[in-house]
Amino acid sequence: MTTPSFDLVDVIRTIQKQKRFIIVITVAAMVVGGLFYAVKKKKYKADATFFVNNPLYGDRNTLFRSTETRYVDYFGGDDDLDKITALGNADTVKDRIIRRCDFDKIYKFGDMNNDTAHAMYMSTFAKNFNLKRSEYKDITVSYIAYDPKTAAGVANMAEDVLEETFRQYYTSMKEGMVASIHSKVVQLDSTIKVLTDTLAAMRDKYGIYSIISPARQNVISGDMKGGGKGYGMAVEEIQNIESVKDQLVSDRAHYISVINEFSAAANSSMTYLKVISRATPPTSPTGASLKMIVLVAGCLGLFFSIMYVLMIAYYRKLNAVIR
């Protein structure tokens, strides 16, 4: 038994004979595509774009430079952009965003503190959130939601939380340094008070009121009056204690100056992200347009209807040969 031939001529003839069927299926597919677009719930996408500032520009060594002039770029480098990307994918940042945006009121999966509901909120956010960096070193955060205001609100909140988290990474270390140095200043205050009381008692006892500290090199010691047994030892002891106290007083003043510098560098008025465009509620839905969906549905209907009529025609010819 020979296999029946089904060449290009047969294909064209079959399509010509069944063109009415093919047209009907194609039109029906286009109508279904249009109905699908009309019935499908629309989603909206909002974008917010920002630059990353160089954290070193707000550092203490840059703000209070005194010995050298070193150029520091305003814009952050690739390492800073990588840190923002890492923070955008961190669960702690995502959790802060969904809580501030009240996802429990938007999606209504249940109590935010419930583990199952919280996992659903996190999954929904991760599915609709996107963070993208471009070759121009700007970063765009976007969010897709059924409500335009929700999409814009989440995108803007993500931008705010990223700035807050990125800034806190640097300011928290500076604030820790401030607390550490401040505790040292408290210790110095206590030690200086003890040394002051000791010096005052010794000066009153021996009547020595001249400045005799070797640490004060720019001060000329005055004439010292007095004498008697123990007077020389008292002068030496006062001189030793005074030198230690003067050094501690100098250290305390330096520590307070450093505290002020770190406090200025950790001030919240300095932002670490520069907003280029805030997200606004979109006016048109995201995804394929009506024309695109109808066109794709029509192409699919045309393709499958042609394949259907060709397969039917071939099997009929094959059955005729077998019989």
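Structure's up top.
Computed from a predicted model, the values in this text were never measured in an experiment.

Attention now moves to the packing of helix 5 (residues 91-100) against helix 8 (residues 148-206). Look at helix 5 against helix 8: their axes get within 10 Å of each other, and the N-to-C directions meet at 135°. Relative to helix 8, the element helix 5 is oriented oblique. Between helix 5 and helix 8 lies a crossing of right-handed hand. For the pair formed by helix 5 and helix 8, the contact residues are V93, R96, I97 and R100 on the first element and V154, M157, A158, V161, L162, E164, T165 and Q168 on the second. Residues of the contact of helix 5 with helix 8, tallied by class, amount to seven nonpolar, two polar and three charged.

Moving on to the packing of helix 5 against helix 7 (residues 115-128). Running from N to C, helix 5 and helix 7 cross one another at 100°; their axes reach a closest spacing of 10 Å. One finds that helix 5 runs roughly perpendicular with respect to helix 7. Residues D91, K94, D95, I97, I98 and R99 of helix 5 touch helix 7, and the partners they reach there are H118, Y121, M122, F125 and A126. Residue composition of the contact of helix 5 with helix 7, grouped by class: six nonpolar, one polar and four charged.

The four strands are arranged 2-3-1-4 in an open sheet whose pairing can be described as antiparallel. Two strands bound the open sheet, and with one partner strand each, they are strand 2 (129-133) and strand 4 (273-277). Each adjacent strand pair in this sheet contributes to an overall mean axis angle of 25°, direction not counted. Both strand 2 and strand 3 (residues 138-145) contribute to a ladder of five bridges, which runs antiparallel. If you follow K132 over to strand 3, its bridge partner there is T140. Sheet strands in contact with helix 8 are strand 1 (44-52), strand 2, strand 3 and strand 4, and its direction is about 20° off that of strand 1.

Of all residues except glycine, most have a negative phi; of all peptide bonds, most are trans. Here K108, not a glycine, exhibits a phi torsion of approximately 55°, which is positive. Mapped onto the fold, K108 is located in the loop between helix 6 (103-106) and helix 7. Look at K108 and you get exposed, because its relative accessible area is 63%.

Looking now at the layout of surface pockets. A volume near 280 Å³ is recorded for the second largest pocket. Taken together, 13 residues make up the lining of the second largest pocket; nearest its centre are T14, K17, Q18, A313 and R316. Listing elements by their share of the lining of the second largest pocket, those giving two or more residues are helix 1 (8-17) and helix 10 (290-322). For the lining of the second largest pocket, the per-class residue count stands at six nonpolar, two polar and five charged.

Rules of the game
Residues numbered from 1 in each chain as written. Predicted model: local features only at pLDDT ≥ 70, side-chain atom pairs only at ≥ 80, totals over all residues. Heavy atoms only, no water. Axes fitted to C-alpha atoms, helices over the stretch in contact; angles between N-to-C directions. Helix = DSSP H or I, 4+ residues; strand = E, 2+ residues; numbered from the N terminus. Parallel < 35°, antiparallel > 145°, perpendicular 65-115°, else oblique. Left-handed = near helix turned anticlockwise from the far one by under 90°. Contact = heavy atoms within 4.5 Å. Nonpolar A, V, L, I, M, F, W, Y, C, P; charged D, E, K, R; others polar. Pairing = 2+ DSSP bridges. Buried < 20%, exposed > 50% of the residue type's maximum accessible area, 1.4 Å probe, protein only. 1 Å grid on protein atoms, 1.4 Å probe; cavity = no way out; pocket = protein on both sides within 12 Å on 5 of 7 lines; lining within 4 Å. Points joined across faces, edges and corners; volume = space filled by probe spheres on them.

This is a description of form; function is not addressed.
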